[in-house]
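Spelled out from the first residue to the last, the chains are:
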Amino acid sequence: ARNSAAYALGTGTFGLETNPTTAVKIVRRGVSQHIESMTRPEVEKGLRAAGEHSPRAAARWAIALHYGLRPAEVLGLTLDDVTVTPEWIELNIRATLVRLAGNAFTETLWVRQDAPKTRAGRRVIPIPRDSEAGSLLLTHLTALVEYRAANPLSSDQLAYVAALREGLDRSVEAGLAGTDTDKK
């Protein structure tokens, strides 16, 4: 959260004037030790700033801050990972976003890896629809579904995405040739 807030402050992404996480003390003594978290006012300030940016940002930060998901887990979610029932929204955490570093001649790529950071990372997170995170997530999902219905991808766009994915898959396979410890 500290690095993300510092990035948002530096880029002006959420209109932050100060980093709300600078006063938070992080103690790294082991997993069983208590680590101080952000205060409720700090969380509220961050969520307000994210909400002013977009419904997507508000939902992303509410999920991360209220339920402790890693940034790459939240950003790796797709509509297939979300189940909405009359009382709950269930997030099926089964993937993560992985950065494939670029070089001076290529752009940095982010791909969805169908495995979280650890085996224990696969989980279902139930979020009450009437909670703050649930409300923000439903607002984002509604807007997303409406946008996709009004702006479907053309067959040319779908073919372009498929071609990019095939090329990326070939590059990843070639890069992993001869290794037995890396995952696709």
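Refer to the structure presented above.
Bear in mind that the values here come from a model prediction, so they are computed numbers and not experimental data.

Caption draft 1: Here's a closer look at the environment of Leu-16. Position of Leu-16 among the secondary structure elements: in the loop between α1 (2-11) and α2 (40-53). The spacing of Leu-16 and Ala-5 is 11 residues in sequence and 8.3 Å in space, taken between C-alpha atoms. Apart from the residues within four sequence positions on either side, Leu-16 is in contact with Ala-5, Ala-8, Leu-9 and Ala-49.

Caption draft 2: Expanded view of helix α3 (residues 55-67). For α3, built from 13 residues, the straight-helix expectation of 18 Å at 1.5 Å per residue is met to within 8% by its first-to-last C-alpha distance of 18 Å. Taken together, the buried positions of α3 are Ala-57, Ala-58, Ala-59, Arg-60, Trp-61, Ala-62, Ile-63 and Ala-64. If you follow the buried residues of α3, they end up packed against α1, α2, α4 (71-75), β2 (88-93), β5 (123-128) and α5 (132-150).

Caption draft 3: Structural view of the environment of Ser-37. Note on placement: Ser-37 falls in the loop between α1 and α2. Relative accessible area serves as the criterion here: at 56%, Ser-37 is assigned to the exposed category. In this structure, the C-alpha to C-alpha distance between Ser-37 and Lys-25, residues 12 residues apart in sequence, is 8.0 Å.

Caption draft 4: Quick peek at the pattern of salt bridges. For the structure shown, the criterion picks out six salt bridges. Across the salt bridge formed by Glu-44 and Arg-40, the nearest N and O atoms sit 3.0 Å from each other. A residue pair is termed a helical-turn pair when its members lie 3 or 4 positions apart in one helix, as Glu-44 and Arg-40 do in helix α2 at four residues. Residue Arg-40 is classed as partly exposed on the basis of its relative accessible area, which comes to 42%. Ionic pairing is found between Glu-73 and Arg-123, a salt bridge with its closest N-O pair at 2.8 Å. Placement of Glu-73 in helix α4 and of Arg-123 in strand β5 is noted, with a sequence separation of 50 residues between them. Look at the salt bridges and you will find they share partners, linking Arg-40, Glu-44 and Glu-132 into a network.

Caption draft 5: Layout of the packing of α3 against α5. Contact pair α3 / α5: the axes reach a minimum separation of 8 Å and the direction vectors enclose 150°. Here α3 is positioned roughly antiparallel relative to α5, judged by the angle of their axes. Pair α3 / α5 crosses with left-handed handedness. Contacts between α3 and α5 pair Pro-55, Arg-56, Ala-58, Ala-59, Ala-62, Ile-63, His-66 and Tyr-67 from the former with Glu-132, Ala-133, Leu-136, Leu-137, Thr-139 and His-140 from the latter. Residue composition of the contact of α3 with α5, by class: nine nonpolar, three polar and two charged.

Caption draft 6: Quick look at the side chain of Glu-42. In this structure, Glu-42 sits in helix α2. The buried category is assigned to Glu-42, whose relative accessible area is 15%. Those residues in contact with Glu-42 that sit more than four places away from it in its chain are Pro-20, Ala-23 and Val-24.

Caption draft 7: Region of interest: a nonpolar patch on the surface. A contiguous nonpolar patch, built from Tyr-160, Val-161 and Leu-164 and spanning about 320 Å² of accessible area, is present on the exposed surface. Take Tyr-160: it is sitting in helix α6 (residues 155-176). With a relative accessible area of 55%, Tyr-160 lands in the exposed category.

Caption draft 8: Fine view of the sheet that holds strand β1 (residues 82-84). Strand order in the open sheet formed by three strands is β1-β2-β5, with antiparallel pairing between adjacent strands. The open sheet has two free edges, formed respectively by β1 and β5, since each of these has just one partner strand. With strand direction ignored, the average angle separating the axes of adjacent strands in the sheet is 20°. Here three bridges tie β1 to β2, and the two strands are oriented antiparallel to one another. Paired with Thr-83 across the bridge in β2 is Glu-90. Relative to the sheet, α3 contacts β2 and β5, its axis offset from that of β5 by approximately 105°.

Thresholds, definitions, all that
- Residues numbered from 1 in each chain as written.
- Predicted model: local features only at pLDDT ≥ 70, side-chain atom pairs only at ≥ 80, totals over all residues.
- Heavy atoms only, no water.
- Helix = DSSP H or I, 4+ residues; strand = E, 2+ residues; numbered from the N terminus.
- Contact = heavy atoms within 4.5 Å.
- Expected span 1.5 Å × (residues − 1).
- Buried < 20%, exposed > 50% of the residue type's maximum accessible area, 1.4 Å probe, protein only.
- Salt bridge = Lys/Arg side-chain N within 4 Å of Asp/Glu carboxyl O.
- Axes fitted to C-alpha atoms, helices over the stretch in contact; angles between N-to-C directions.
- Parallel < 35°, antiparallel > 145°, perpendicular 65-115°, else oblique.
- Left-handed = near helix turned anticlockwise from the far one by under 90°.
- Nonpolar A, V, L, I, M, F, W, Y, C, P; charged D, E, K, R; others polar.
- Patch = residues over 30% accessible without salt bridge, like charges linked within 9 Å, V, L, I, M, F, W, Y side chains within 5 Å.
- Areas by Shrake-Rupley, 256 points an atom, 1.4 Å probe, with all protein chains shown as cover.
- Pairing = 2+ DSSP bridges.

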